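What follows is the residue order along each chain.
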Amino acid sequence: MLAKIWKKLLLGILIIACLFNVVNKLVHKPSLEKELQSSAQYVEQLNENESKK
């Protein structure tokens, strides 16, 4: 009896934690412009490092 209660309680906590994680990632999602800009900077740095060698 007690095991069933713990199982349901922990399952509920797990579901709430997963939903919180998904919502948190949606709210704090970086914009596409920032992602593209950081990718372009990374590629430029790689090109500069290869040209120095």
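Residues numbered from 1 in each chain as written. Predicted model: local features only at pLDDT ≥ 70, side-chain atom pairs only at ≥ 80, totals over all residues. Heavy atoms only, no water.

## Some thoughts on the overall build of the protein chain
Heads up, the rule is: Helix numbers and strand numbers start at the N terminus; a helix is a DSSP run of H or I with at least 4 residues, a strand a run of E with at least 2. Computation of the radius of gyration draws on C-alpha atoms alone. For the globule rule, the value is 2.2 Å times the number of residues to the power 0.38. Classification of residues uses two cut-offs on accessible area relative to the type maximum, computed with a 1.4 Å probe and protein chains only: under 20% is buried, over 50% is exposed, and between them is partly exposed. Where accessible areas are quoted, they stem from the Shrake-Rupley method and a 1.4 Å probe; at the residue level, only the protein chains shown are allowed to cover. We score Asp and Glu as negative and Lys and Arg as positive, and we do not count His or the chain ends. Think of each charge as sitting on NZ of Lys, CZ of Arg, CG of Asp or CD of Glu.
Along the backbone of the protein chain there are two helices and zero strands. Over its C-alpha trace the protein chain gives a radius of gyration of 22 Å, far above what one expects of a compact globule, namely 10 Å for 53 residues. Overall, the C-alpha framework of the protein chain stretches about 70 × 25 × 5 Å when taken along its three principal axes. Burial analysis of the protein chain (53 residues in total) assigns 0% to the buried set. By element, 67% of the accessible surface of the protein chain is carried by carbon and sulfur atoms, the whole surface being about 5,600 Å². Of the charged side chains in the protein chain, 8 are positive and 5 negative, and the gap between their average positions amounts to 25 Å.

## Side note on the environment of Glu33
Tracing the backbone through its elements, the reader meets Glu33 in helix α2 (residues 32-52). Of the residues examined, Glu33 reaches a relative accessible area of 64% and is grouped as exposed. Along the primary structure Glu33 and Phe20 are separated by 13 residues, whereas in three dimensions their C-alpha atoms are 26 Å apart.

## Some remarks on the environment of Ile16
Assignment of secondary structure puts Ile16 in helix α1 (residues 2-27). Sequence-wise, Ile16 and Gln41 are 25 residues apart; in three dimensions their C-alpha atoms are separated by 38 Å.

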